[in-house]
Every structure is written in structure tokens, then in C-alpha cells.
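One letter stands for each residue in the lines below.
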Amino acid sequence: MKILVTGGAGFIGSAVVRRAITQRGYTIANLDALTYAANQANLDSIADNPDYSFHRADIRDLDALVKVFAETDPDAVMHLAAESHVDRSIEGPIAFVETNVMGTANMLQAARTHWEGLSDARRDAFRFHHISTDEVYGALGPSGFFTETTRYAPNSPYASSKASSDMLVRAWGKTFKLPVVISNCSNNYGPFQFPEKLIPVVILKALAGEAIPVYGDGSNVRDWLYVDDHAEALLTILERGKLGEIYNVGGDAEVSNLDLVKQICAIIDKELDRSTPSDSLIKFVTDRPGHDFRYAIDSAKIKSELGWTPSVTVEEGIAETVRWYLENREWWQAIQARGHKQDRIGLAVGVKA
Ligand SMILES: Cc1cn([C@H]2C[C@H](O)[C@@H](COP(=O)(O)OP(=O)(O)O[C@H]3O[C@H](CO)[C@@H](O)[C@H](O)[C@H]3O)O2)c(=O)[nH]c1=O
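This structure is a prediction, so every number in the text was calculated from the model and none was measured.

Overview of the overall build of the chain
Move 1: Helix and strand counts for the chain stand at 13 helices and 12 strands.
Move 2: Rg of the C-alpha trace for the chain: 20 Å, near the compact-globule value of 20 Å for 353 residues, within the 12% margin.
Move 3: Across the 353 residues in the chain, those meeting the buried criterion constitute 57%.
Move 4: Expressed as a percentage of contacts within the chain between residues at least 6 apart in sequence, the contacts between residues at least 24 apart total 82%.
Move 5: Looking at the chain as shown, the accessible area adds up to about 14300 Å², and 51% of this sits on carbon and sulfur atoms.
Move 6: Across the chain, the 36 positively charged side chains and the 47 negatively charged ones have centroids separated by 3 Å.

Re the domain arrangement of the chain
Interfaces are often sized by the accessible area lost when the parts come together.
Move 1: For the chain, the domain assignment lists domain 1 (2-187 + 224-249) and domain 2 (198-221 + 254-294 + 312-348).
Move 2: Computed over C-alpha atoms, the centres of domain 1 and domain 2 are 27 Å apart.
Move 3: With 24 residues of domain 1 at the interface, the matching set in domain 2 holds 23 residues.
Move 4: Carbon and sulfur atoms make up 50% of the surface buried where domain 1 meets domain 2, a total of about 1900 Å² over both sides.

What about the pattern of salt bridges?
Move 1: Counted according to the given criterion, the structure contains 19 salt bridges.
Move 2: In this structure, the salt-bridge partner of K197 is E196, at a minimum N-O distance of 3.2 Å. For the pair K197 and E196, a shared accessibility class is recorded, and that class is buried.
Move 3: Among the ionic pairs, R294 bridges to E254, the shortest N-O distance being 2.7 Å. In this pair, R294 sits in the loop between β12 (282-285) and α10 (300-306) while E254 sits in strand β11 (residues 254-256), placing the two residues 40 residues apart along the sequence.
Move 4: The structure contains a network of salt bridges with shared partners spanning K2, D73, D75 and R122.

Quick word on the site of the ligand
Move 1: Residues in close proximity to the ligand total 23 residues, the closest being S84, D134, Y158, R288 and H291.
Move 2: The side chain of D134 places a nitrogen or oxygen atom 2.6 Å from an oxygen atom of the ligand.
Move 3: At a separation of 3.4 Å, an oxygen atom of the ligand approaches a polar side-chain atom of K197.
Move 4: In the complex, the protein chains occlude 95% of the 690 Å² of accessible area that the ligand would expose alone.
Move 5: Counting only elements with at least two residues in the shell around the ligand, the list comes to α7 (198-208) and β8 (212-215).
Move 6: Class assignment of the residues belonging to the shell around the ligand gives a composition of 9 nonpolar, 8 polar and 6 charged.
Move 7: Two domains share the shell around the ligand, each providing at least three of its residues, namely domain 1 (2-187 + 224-249) and domain 2 (198-221 + 254-294 + 312-348).

Overview of the nonpolar core
Among soluble globular proteins, nonpolar side chains are generally buried collectively.
Move 1: In terms of nonpolar packing, the biggest core is built from 58 residues, with I28, M78, I203, I264 and I318 touching the most fellow members.
Move 2: Looking at this core, you find at least three residues from each of domain 1 (2-187 + 224-249) and domain 2 (198-221 + 254-294 + 312-348).
Move 3: The residues contacting I203, other than those within four sequence positions of it, are I264, I268, T321, V322 and Y325.
Move 4: Core analysis: the next-biggest nonpolar cluster, separate from the first, contains 24 residues, L65, A81, L108 and V169 among them.

Definitions and cut-offs
Residues numbered from 1 in each chain as written. Predicted model: local features only at pLDDT ≥ 70, side-chain atom pairs only at ≥ 80, totals over all residues. Heavy atoms only, no water. Helix = DSSP H or I, 4+ residues; strand = E, 2+ residues; numbered from the N terminus. Rg over C-alpha atoms; globule rule 2.2 N^0.38 Å. Buried < 20%, exposed > 50% of the residue type's maximum accessible area, 1.4 Å probe, protein only. Contact = heavy atoms within 4.5 Å. Areas by Shrake-Rupley, 256 points an atom, 1.4 Å probe, with all protein chains shown as cover. Lys, Arg positive; Asp, Glu negative; His and termini not counted. Charge placed at Lys NZ, Arg CZ, Asp CG, Glu CD. Domains from an automatic or database assignment. Buried area = accessible area lost by both parts, 1.4 Å probe. Salt bridge = Lys/Arg side-chain N within 4 Å of Asp/Glu carboxyl O. Near = heavy atom within 4 Å. Polar contact = N/O pair within 3.5 Å; in protein donor to acceptor, adjacent residues only side chain to side chain. Nonpolar A, V, L, I, M, F, W, Y, C, P; charged D, E, K, R; others polar. Core = buried A, V, L, I, M, F, W, Y, C linked by side-chain atoms within 4.5 Å.

Now the structure itself:
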């Protein structure tokens, strides 16, 4: 199978690309604009594989997409390219609409034209898999779970742009009969995550001995999904998911932000044999505007219908992730050398330097 993956140089996309090549033997065309969070180094392990090709293109550019479809002639699309960081969407929402909404509409149009030109057998087998987020469902209180039928109620510009993109995918499926499937996942973590998200921010701040910014009182809850478990879920959905369906993918690992930060600090203290506890670096900072209190996702459908289940516990996954950042300093130091400061967004929402 030839799969066109968008956003394959990103954190989740690169995990999908590596797994699709090494564990499935698929041919992968990676379409990526290489914006700030993308990193070709995430793909070093497969870059020379004859089953891998890279195509630099921006999903905001429909003509460029049409060319990549013609060059790569895919049997399926996995659409992961997106602006993904909630804080950035608060700072600059329009870019999120342009990439996540217009970019998805362009991908759907290019995929539709390609799909309509395929032979009957290839048309029947074609899939457009749209990768989305549980944030489309809004925020939960202390109890309850998001299911695939939960009403959409996105709160941030990021979440609403992803909700809009889901609706576009649905519309192309209903109106043009494009064979679509959508998945909505919880918070991913693991190796190669760009140091703007909570877990790498905490690790790098703790290693540097700098203040660890915790928004509000740290009581917000997220459900943590190890990125390789997610990549496996995505390939499973592509291979066996039912057309027109939505699948929720979570890690069964709800943790409050403060507990998670303390857990990471404890692992770092143990790994580095530190005598002063790293959690003394925690600094409670101004809360994110419109901060969703809790995300919790019910993955019963993908478990019962497709047989997928998360295999990594949050304790194992966090320890593995901390060790990866300790052992791969050159990876994140190169990002820092390019000028990205992992507290830039934190400062924007009120961290006092
Ligand atoms: C960066 C940062 C975050 N936080 C808090 C805000 C959130 O409650 C929690 C996790 O924040 P983030 O790592 O930014 O992730 P969050 O806003 O939950 O969104 C993530 O998870 C979503 C899935 O739920 C994805 O769709 C998004 O693309 C992804 O960015 O930690 C802090 O307390 N301090 C921080 O420095």
C-alpha cells in the first residue's frame, strides 16, 4: 500500500511514518511544509529507505497538493498536518484557520480529484483518514467521558479549527462519497515531541534548573497516550476501520497536570541522582484563557471493534520519555539553537520571567 502522510515530519506523523515502514512495509510519501515544529531529524532512521519519499508542500496550496498526488499516486491518505498548539492559537488564531480548516479543505479536494480518477478496484479500497483531537468535544467536569457521539463544543481557536476540519471531512464523505474515516485522540507524549508541549517543557526546564510553569493551580486533567500506541491505533483504523466512522483513541491514563509534573520531576531526580528535588522549581503561573478543565476519552469502540488497546502505562511511558530526552540532548539542543525557547508561549500567557 502507498500512503500519502501529511505532517509526517511532526511528532505524531513521524511516529506513524517510522512504524508504517518498519512494521508494515508500506510505501510512504511524506508531504510536509516543514514549519517550526516539523523536524526531518525525526525521520533519520528511515530517511534512506527506498519505501520513503519526502515532498515539501504546504496544505494551504491546492496546486502544490494536486502535483504531489500526481507524483505519488497514493492508495490512501493519512492527514496529520496541522497547527497543533493551543497557546499559539490564542496568540494567533488566523494561522490555525488557514492551515487546519482551509488546508483540510484543500487536501479533501485534491484527494477527491485523485480518487475519482482511480480504477474501480483502487477507488473501492481508497481511504482518507483524518487525524483529529478530543478537544473538539470541549471540556469535562470531574466525571464522564467523551464518546464518538458526544456533541462538538470546542473552546479554543485550535479546537474549533480542528472541529471545523472534522466537519469538512464528514461533508466530503456524505456529498462526494469520498471514503473517509476520522479519529480523535487524547494528549500524546513520547520521544521527538516538540518542546512546547507540557511534558518536554517540564523535562527541559527541570534539566536546566529553571522554573517549571504550571498553569493555574495544576488541577486540570489530561488523558495521556503514548505516541507509538497512537501510531498503532492509526494504522489499525486505516487498515480495518469502517468507512464514515469516527474512532476515539485514548491512553486510559488520566492524570492532573500537577501530579504529572511531580512524577516527571521524581524520575529526573532518580535518573540524575539529584539531592534537591526538581519539584521545588514548580511555579504556578497565570492560567491559559478558556483553559479546558478535563479531557477523558472512552476508547471502547476501537477496542471492541478493531481490537486495539494501549500497551504502555503512563508510568512506563513517562520514564521512557524522560530517558529519551536525557539520551538525545543533541535533538533538542538543535531545536534550541534554532532559536526556539520552550518558555516563549508560557511568557505570552503570563509567566513572570
Ligand atoms: C505548555 C504547558 C501546558 N500546561 C498545561 C495546559 C494543559 O492543561 C496541559 C497540557 O498542555 P499542552 O501540552 O499544551 O496540551 P493541550 O493543550 O492539552 O493540547 C494537546 O492535546 C490535544 C489532545 O487533547 C491535542 O489536540 C493538541 O494538539 C495538544 O497540544 O498542561 C502547563 O500547565 N504548563 C505549560 O507550560
